[in-house]
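In case you want the letters, here they are:
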Amino acid sequence: MAAKDYIWDSQAAKQLADAGMTAHYDKNRAHYEKLAKSSWVGLNDVSESKALLKHGDLWDVLLPVISRDAKTLKGLQDKGLPIPTAYGGARWAAWFTHYVVERFLLTTTKESTG
């Protein structure tokens, strides 16, 4: 199953939280926001329809980055979770990337409307 097939829903978010990966994000928030922002800027630079960019667009670009990111790999290892290339690891990488994208887009939306 490809990583994109892992559904991002409340159960996935709960499993991330229960595994300690949301706490890992909170501890390394600036790092993940920087990764998401640079990917978002790149998407905007190459997109013909910037206004139509969505969560899934950023997720597509950010997943390979998150899957190779040293902080993410260490976080997964510290929590006893499989790395993205290990059996079952694609799910955790996919879910964590969704979480990073969601947090980034919520912050970006609040900044642009507030």
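Just so it is clear, the model here is predicted, and its values are computed rather than measured.

Peer 1: How should the packing of aromatic side chains be read in this particular structure?
Peer 2: Pairs of aromatic rings are described using the distance from one ring centre to the other and the angle between the two planes. Summed over all chains, the structure comprises 6 aromatic pairs. Ring geometry for Tyr25 against Tyr32: centres 5.9 Å apart, planes inclined by 25 degrees, an arrangement best described as stacked. Residue classification places Tyr25 among the buried positions, given a relative accessible area of 2%. Taking the relative accessible area as the measure of exposure, Tyr32 reaches 0% and is therefore buried.

Peer 1: How should the pattern of salt bridges be read in this particular structure?
Peer 2: It is possible for side chains of opposite charge to pair when their charged atoms get near one another. Scanning the entire structure with this criterion turns up 3 salt bridges. Between Lys14 and Asp18 there is a salt bridge; the shortest N-O distance is 2.7 Å. Within this pair, Lys14 and its partner Asp18 are both found in helix H1 (residues 10-19), separated by 4 residues, close to a single helical turn. Between Arg29 and Glu33 there is a salt bridge; the shortest N-O distance is 2.6 Å. Here Arg29 and its partner Glu33 are both found in helix H3 (residues 29-46), 4 residues apart, which amounts to about one turn of the helix. Residue Glu33 is classed as partly exposed on the basis of its relative accessible area, which comes to 23%.

Rules behind the numbers
- Residues numbered from 1 in each chain as written.
- Predicted model: local features only at pLDDT ≥ 70, side-chain atom pairs only at ≥ 80, totals over all residues.
- Heavy atoms only, no water.
- Phe/Tyr/Trp six-rings, centres within 6.5 Å; stacked < 30°, edge-to-face > 60°.
- Buried < 20%, exposed > 50% of the residue type's maximum accessible area, 1.4 Å probe, protein only.
- Salt bridge = Lys/Arg side-chain N within 4 Å of Asp/Glu carboxyl O.
- Helix = DSSP H or I, 4+ residues; strand = E, 2+ residues; numbered from the N terminus.

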